[in-house]
4 protein chains.
Amino acid sequence: MKLPIRVSEESREPLYHQIETQLQSLIVSGKLPPGTPLPSIRALASELSCSVITTRKAYQNLEGRALIKTIQGKGTFVKEVEKQRKEDTKQQLIVSAFLKAVEQADQVGSTQAEMKSLFNQALLQYFDNKINKSKGGKEDE
Amino acid sequence: MKLPIRVSEESREPLYHQIETQLQSLIVSGKLPPGTPLPSIRALASELSCSVITTRKAYQNLEGRALIKTIQGKGTFVKEVEKQRKEDTKQQLIVSAFLKAVEQADQVGSTQAEMKSLFNQALLQYFDNKINKSKGGKEDE
Amino acid sequence: MKLPIRVSEESREPLYHQIETQLQSLIVSGKLPPGTPLPSIRALASELSCSVITTRKAYQNLEGRALIKTIQGKGTFVKEVEKQRKEDTKQQLIVSAFLKAVEQADQVGSTQAEMKSLFNQALLQYFDNKINKSKGGKEDE
Amino acid sequence: MKLPIRVSEESREPLYHQIETQLQSLIVSGKLPPGTPLPSIRALASELSCSVITTRKAYQNLEGRALIKTIQGKGTFVKEVEKQRKEDTKQQLIVSAFLKAVEQADQVGSTQAEMKSLFNQALLQYFDNKINKSKGGKEDE
DNA sequence: GTGGTCTAGACCACT
DNA sequence: GTGGTCTAGACCACC
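Residues numbered from 1 in each chain as written. Chains lettered and ligands numbered in written order. Predicted model: local features only at pLDDT ≥ 70, side-chain atom pairs only at ≥ 80, totals over all residues. Heavy atoms only, no water.

Considering the sheet that holds strand E2 (residues 68-71) of chain D
All names here are of chain D. The strand order E1-E3-E2 describes an open sheet built from 3 strands, whose pairing is antiparallel. Each end of this open sheet is capped by a strand with a single partner; those strands are strand E1 (37-38) and E2. Taken together, the 2 bridges between E1 and strand E3 (residues 75-78) define a ladder with antiparallel strand orientation. From the neighbouring strand, Pro-37 faces E3, where its bridge partner is Phe-77. Each of E1, E2 and E3 is contacted by helix H3 (residues 52-64), which is oriented at about 115° to E2, the strand it contacts most. (Pairing = 2+ DSSP bridges. Helix = DSSP H or I, 4+ residues; strand = E, 2+ residues; numbered from the N terminus. Contact = heavy atoms within 4.5 Å. Axes fitted to C-alpha atoms, helices over the stretch in contact; angles between N-to-C directions.)

Structure follows, in structure tokens:
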């Protein structure tokens, strides 16, 4: 199965971290249900044209956080996780993302009212953009 | 003049980048009006107990983005920037921070309604925290 | 691959700038096509017997002008640039060099006719000199 | 007398050098004939709003090259220079400016034919620009 | 191996 | 005093 993962060499974020967070999102959002087999580190590496070291690091980190499980000779699988824990992780990810953004806004002297307005603006912009992309069909390749 | 800049050695964010973004915030928020002389790279370095090279890199990057101007033998100054451009930069910084957060939320399968609710939650949390800190007097530890 | 770069310690021009402009010339002239891996900052530093910091600064400035791309852990590469943009940059470099010279000539009260004549003189002198050097074999000392 | 000297803080060229070369141009071009009194270092400094140290350095360098002469208690004057020497200096300045430009052009792989064409282009551009400026009256202040 | 950050000095050029 | 350049190391993160 081909994972919907996109990495960018341009980004300052390390490759392994891009993979890691995207996989995490897929898991806690339920898009990859427990038991789902993940591609082998070699397969994923070739798909993303990166080094196996990189994919292995991503898998290792996820395994360390008990989100996936590697079974010798069989492969790597999404681990059984309590629904509640998934919900919590999800919410925590979102809130901390928002907190970071709010902090940034506060630093440049934005008021709460402004933030609310700009947040709605960002929301609209994001989903508009998303819809347009899907309407246009595949915009990539 | 002493700048309200705080750096953390713990953070994974490079020192020079911490300085850079904080200075940028001070400038676009208008807290440092055009023409304001910034502390010399040496003074700032000793104040933050870091190397001159580090402060210099921060200043240099800001100069590259036309926010400050350094003159050999004279010092470094906040550049004259149109008020409009400052507003734009500010707003752009905030919206892009929010966009990033929204993208993250979307990736884990959050709905717009959920995002709004969690955003308000983050907002409250942030400002509550801020008020408590300032009430307590010591904002450190 | 060994780059045809020569630096002079005598020159008042900063080392990193000598490297920078020579690399730029090699890139916009097409001698280093897009994708070409540049020597690592350490390799180049040892080749030119200068500090790593110096080569890094040159690379960094070129990256800032979108001529090269550096990727953590992989190396530094000539960026994909439109042929047109390369042509433009090249021509712009030349014209601005000539403009500067013409301005200088005008300031000392030279007429257009004089300038044309002296320009041709300079042209001859330059290429004569160049040919003699290459004929002689040793172009140093 | 007010000298037609313009300095720019933005330029990477040192202030004292900007003053020095502009004065030199005025002298060898004959716009400041021998015996002309120059403004005092203090007057010039205040006119250009720079430090007296800066203007003194410019005057000292010119005196070192025997283009001006300072007489204690009387002031600074353009020195008597042989017409021939002025001509030579002038020509030398121009040719070396052109040589530098040609070298730059050669480095980016320009042919002699191209250079000639681009030189003419630069010439036209420069004088067009100059005429337009003077037609428009004072474009400054 | 690669680049990224940082230190603690140094010397020079400019104002 | 200021900034500009540079050295010769160091340690870390990434591939």
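What about the pattern of salt bridges?
Once their charged atoms are close, side chains differing in charge can pair, the charge on each being opposite to the other. Throughout the structure, instances matching the rule amount to 16 salt bridges over all chains. Among the ionic pairs, Asp-106 of chain B bridges to Lys-130 of chain A, the shortest N-O distance being 2.8 Å. Taken together, the residues span two chains, with Asp-106 of chain B in helix H4 (residues 83-107) and Lys-130 of chain A in helix H5 (residues 112-135). (Salt bridge = Lys/Arg side-chain N within 4 Å of Asp/Glu carboxyl O.)

Describing the side chain of Gln-24 of chain C
Residues and elements named next belong to chain C. By the element assignment, Gln-24 lies in helix H1 (residues 15-28). On the accessibility criterion, Gln-24 (7% relative accessible area) is buried. With residues near it in sequence (within four places) discarded, Gln-24 still touches Leu-62, Arg-65, Leu-67 and Leu-93. (Buried < 20%, exposed > 50% of the residue type's maximum accessible area, 1.4 Å probe, protein only.)

Quick notes on the domain arrangement of chain A
Residue and element names in this part refer to chain A. As assigned here, chain A comprises domain 1 (15-78) and domain 2 (83-134). A separation of 26 Å is found between the C-alpha centroids of domain 1 and domain 2. Residue-level contacts link 7 residues of domain 1 with 5 residues of domain 2. Linking domain 1 with domain 2 are 0 salt bridges, by the criterion used here. Linking domain 1 to domain 2 there are 1 residue pair in polar contact (both at pLDDT 80 or more). Residue composition of the side of domain 1 that touches domain 2, grouped by class: 5 nonpolar, 1 polar and 1 charged. (Domains from an automatic or database assignment. Polar contact = N/O pair within 3.5 Å; in protein donor to acceptor, adjacent residues only side chain to side chain. Nonpolar A, V, L, I, M, F, W, Y, C, P; charged D, E, K, R; others polar.)

A few points about the protein's contact with DNA strand F
As a structural note, the neighbourhood of DNA strand F is formed by 29 residues, with Pro-14 of chain A, Arg-42 of chain B together with Leu-15, Tyr-16 and Ser-51 of chain C the closest of them. Atoms of DNA strand F within 4 Å of the protein belong to the sugar or the phosphate in 75% of instances, the rest to bases. At 3.3 Å, a backbone N or O of Leu-15 of chain A approaches a phosphate oxygen of DNA strand F. A distance of 2.7 Å is found between a phosphate oxygen of DNA strand F and a side-chain nitrogen or oxygen belonging to Thr-54 of chain C. Elements that contribute at least two residues to the surface near DNA strand F include exactly helix H1 (15-28) and helix H3 (52-64) of chain A, helix H2 (41-47), helix H3 (52-64), strand E2 (68-71) and strand E3 (75-78) of chain B together with H1 and helix H3 (52-64) of chain C. Here the residues of the surface near DNA strand F are counted per class, giving 11 nonpolar, 12 polar and 6 charged. (Near = heavy atom within 4 Å.)

A short note on the nonpolar core
With 53 residues, the main nonpolar core has Leu-23 and Phe-98 of chain C together with Phe-98 of chain D as its most contacted residues. Those elements giving two or more residues to this core turn out to be H1, helix H2 (41-47), H3, helix H4 (83-107) and helix H5 (112-136) of chain C together with helix H4 (83-107) and helix H5 (112-135) of chain D. Among the elements that make up this core, the one with the highest residue count is H4 of chain C (9 residues). Formed by 34 residues, the second largest nonpolar core is a distinct cluster that contains Val-95 and Val-102 of chain A together with Phe-98 and Met-115 of chain B. (Core = buried A, V, L, I, M, F, W, Y, C linked by side-chain atoms within 4.5 Å.)

Side note on H3 of chain C
Structurally, the α-helix is built with 3.6 residues per turn, so residues lying three or four positions apart point the same way. All names here are of chain C. A rise of 1.5 Å per residue sets the reference length of H3, with its 13 residues, at 18 Å; its end C-alpha atoms lie 18 Å apart and thus fit the reference within 8%. Those residues of H3 not exposed but buried are Thr-54, Thr-55, Ala-58, Tyr-59 and Leu-62. Down the axis of H3, the smallest arc covering the buried residues is 135°, so these residues share one side. Turned more than 90 degrees away from the buried face of H3 sit Ile-53 and Gly-64, all of them exposed. Contact partners of the buried residues in H3: H1, strand E1 (37-38), H2, strand E2 (68-71) and strand E3 (75-78). Once H3 finishes, Ala-66 follows within two positions and takes phi at roughly 60°, a positive value. (Expected span 1.5 Å × (residues − 1). Arc of directions from axis to C-beta.)

A short note on the packing of H1 of chain C against H4 of chain C
All names here are of chain C. For the pair H1 and H4, the least separation of the axes is 9 Å and the interaxial angle reads 130°. One finds that H1 runs oblique with respect to H4. Here the hand of the crossing between H1 and H4 comes out left-handed. Only Lys-86, Thr-89, Lys-90 and Leu-93 of H4 make contact with H1, whose side of the interface consists of Gln-24, Ile-27 and Val-28. Residue composition of the contact of H1 with H4, by class: 3 nonpolar, 2 polar and 2 charged. (Parallel < 35°, antiparallel > 145°, perpendicular 65-115°, else oblique. Left-handed = near helix turned anticlockwise from the far one by under 90°.)

Comments concerning the protein's contact with DNA strand E
As a matter of local geometry, DNA strand E sits amid 29 residues, with Leu-15, Tyr-16 and Thr-54 of chain B, Arg-42 of chain C together with Pro-14 of chain D nearest to it. Sugar plus phosphate: this is where 75% of the atoms of DNA strand E within 4 Å of the protein reside. Here Tyr-16 of chain B contributes a side-chain N or O atom positioned 2.7 Å from a phosphate oxygen of DNA strand E. In this structure, Leu-15 of chain D approaches DNA strand E through a main-chain N or O atom, which is 3.2 Å from a phosphate oxygen. Only helix H1 (15-28) and H3 of chain B, H2, H3, E2 and E3 of chain C together with helix H1 (15-28) and H3 of chain D provide two or more residues apiece to the surface near DNA strand E. Top element by residues in the surface near DNA strand E is H3 of chain B. It accounts for 3 residues. Tallied by class, residues from the surface near DNA strand E come to 11 nonpolar, 12 polar and 6 charged.

As for the interface of chain C and chain D
With 39 residues of chain C in contact, the opposing surface of chain D contributes 39 residues. Taken together, both faces of the contact between chain C and chain D bury some 3900 Å²; the carbon and sulfur share is 69%. Considering only the side of chain C, the residues that lose the most area to chain D are Phe-98, Val-108 and Tyr-126 of chain C, jointly responsible for 16% of the buried surface there. The interface formed by chain C and chain D contains 2 salt bridges. Elements supplying a minimum of two residues to the side of chain C that touches chain D: H1, H4 and H5 of chain C. Among the elements that make up the side of chain C that touches chain D, the one with the highest residue count is H4 of chain C (15 residues). (Buried area = accessible area lost by both parts, 1.4 Å probe.)

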